[in-house]
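Examination of the molecular architecture
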Amino acid sequence: MEQLIDALLEWIGDHSQYDTANLPHPIVLQLTPHELTREYYTGVAHLMPDDGVDERVNALYAATDGPYGTIYLLSAEFYTDVEHFDDPMDNPLWREVLLHELVHHVQWQSGAADAWLCPAQGETEAYALGGRYLTGQAADDPMPNRNFWGMVYSRC
């Protein structure tokens, strides 16, 4: 996992204005759909879906969890088409979600997030970089309106 994080951070540095050299790694926890849903609904469990799984949630970045932030990530084994990969973590769709959360990590570690009106402001950039990553991997983007959703999710 550490080598993959290094490679994705380097990719972010090569495709953005951020200097990602020597950034500390966040903790990355791969969770089941139930575990990730519980993490997402911490403090508001009464809003959790009755079956305990919110299928819209693929990952979370918590800047203040752990010494350098924590990424809570749906485990690679739960992604579509996982059977086509010897290692589920080779799936570019899973890697793009990890990259998206690493963009947030970079935004927070670099201080860019300090100027935001709300934490959602980083979504536009994270979605755009994720789309560029998938294009570079020759992978179909499961989010055909990525730029639109990036703008919607970035509103405060």
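Residues numbered from 1 in each chain as written. Predicted model: local features only at pLDDT ≥ 70, side-chain atom pairs only at ≥ 80, totals over all residues. Heavy atoms only, no water.

The next point concerns the packing of aromatic side chains. Each aromatic ring pair is described using two quantities: the centre-to-centre distance and the angle formed by the ring planes. The full count for this structure, using the stated rule, is 6 aromatic pairs. Relative to Y153, the ring of Y127 has its centre 5.7 Å away and its plane inclined at 35 degrees; by these criteria the two rings are tilted. Of the two residues, Y127 is situated in helix α4 (residues 123-136) and Y153 in helix α5 (residues 146-153); the sequence distance between them amounts to 26 residues. For Y153, a relative accessible area of 39% puts it in the partly exposed group. Seen from their ring centres, F148 and W149 are 5.0 Å apart, and the 75 degrees between their planes marks the pair as edge-to-face. Classification of W149 as partly exposed rests on a relative accessible area of 32%. Among the aromatic side chains, those forming a connected cluster through ring pairs are Y127, F148, W149 and Y153. (Phe/Tyr/Trp six-rings, centres within 6.5 Å; stacked < 30°, edge-to-face > 60°. Helix = DSSP H or I, 4+ residues; strand = E, 2+ residues; numbered from the N terminus. Buried < 20%, exposed > 50% of the residue type's maximum accessible area, 1.4 Å probe, protein only.)

A word on the pattern of salt bridges. One pass over the structure, following the stated rule, counts 4 salt bridges. Residue R56 pairs with D54 through a salt bridge whose shortest N-O separation is 2.7 Å. Its salt-bridge partner being D141, residue R146 comes within 2.7 Å of it at the nearest N-O pair. (Salt bridge = Lys/Arg side-chain N within 4 Å of Asp/Glu carboxyl O.)

Before going further, it helps to spend a moment on the environment of I5. Here I5 lies in helix α1 (residues 2-14). Excluding residues that lie within four positions of it along the chain, I5 makes contacts with H25, V28 and L102. (Contact = heavy atoms within 4.5 Å.)

This model, assessed by the stated rule, comprises 1 disulfide. Each sulfur of the disulfide joining C118 and C156 lies 2.0 Å from the other. When the S-S torsion is -85 degrees, as for the bridge of C118 with C156, the disulfide is left-handed. Here C156 lies in the segment after α5 and C118 lies in the loop between α3 (92-110) and α4, a separation of 38 residues in the sequence. A relative accessible area of 64% places C156 in the exposed class. (Disulfide = S-S within 2.5 Å.)

Here the focus is the side chain of Q107. By the element assignment, Q107 lies in helix α3. A distance of 2.8 Å separates the side chain of Q107 from the side chain of E125, its partner in a polar contact. In contact with Q107, not counting residues within four places along its chain, are Y18, A112, A113, W116, G122, E125 and A126. (Polar contact = N/O pair within 3.5 Å; in protein donor to acceptor, adjacent residues only side chain to side chain.)

Turning our eyes to something else, we now look at α4. A rise of 1.5 Å per residue sets the reference length of α4, with its 14 residues, at 20 Å; its end C-alpha atoms lie 20 Å apart and thus fit the reference within 8%. Buried positions along α4 lie against α1, α3 and α5. Just downstream of α4 lies A138, where phi reads positive at about 55 degrees. (Expected span 1.5 Å × (residues − 1).)

Attention now moves to the packing of α1 against α3. Helices that pack against each other are described as a pair by the angle of their axes relative to one another and the distance between those axes. The geometry of α1 relative to α3 is characterised by a closest axis approach of 10 Å and an angle of 65 degrees between their N-to-C directions. With respect to α3, the element α1 is oriented roughly perpendicular. Helix-helix and strand crossings are classified by hand; for α1 and α3 the assignment is right-handed. Touching L4, I5, L8, L9, W11 and I12 of α1 are W94, R95, L98, L99, L102, V103 and V106, all from α3. In terms of residue class, the contact of α1 with α3 is built from 12 nonpolar, no polar and 1 charged. (Axes fitted to C-alpha atoms, helices over the stretch in contact; angles between N-to-C directions. Parallel < 35°, antiparallel > 145°, perpendicular 65-115°, else oblique. Left-handed = near helix turned anticlockwise from the far one by under 90°. Nonpolar A, V, L, I, M, F, W, Y, C, P; charged D, E, K, R; others polar.)

The next thing to look at is the nonpolar core. In terms of nonpolar packing, the biggest core is built from 32 residues, with I12, L73, L98, L99 and L102 touching the most fellow members. The set of elements that each furnish at least two residues to this core consists of α1, β1 (27-31), β2 (59-62), β3 (70-74), α3 and α4. Counting residues per element, this core draws most heavily on α3, which supplies 7 residues. (Core = buried A, V, L, I, M, F, W, Y, C linked by side-chain atoms within 4.5 Å.)

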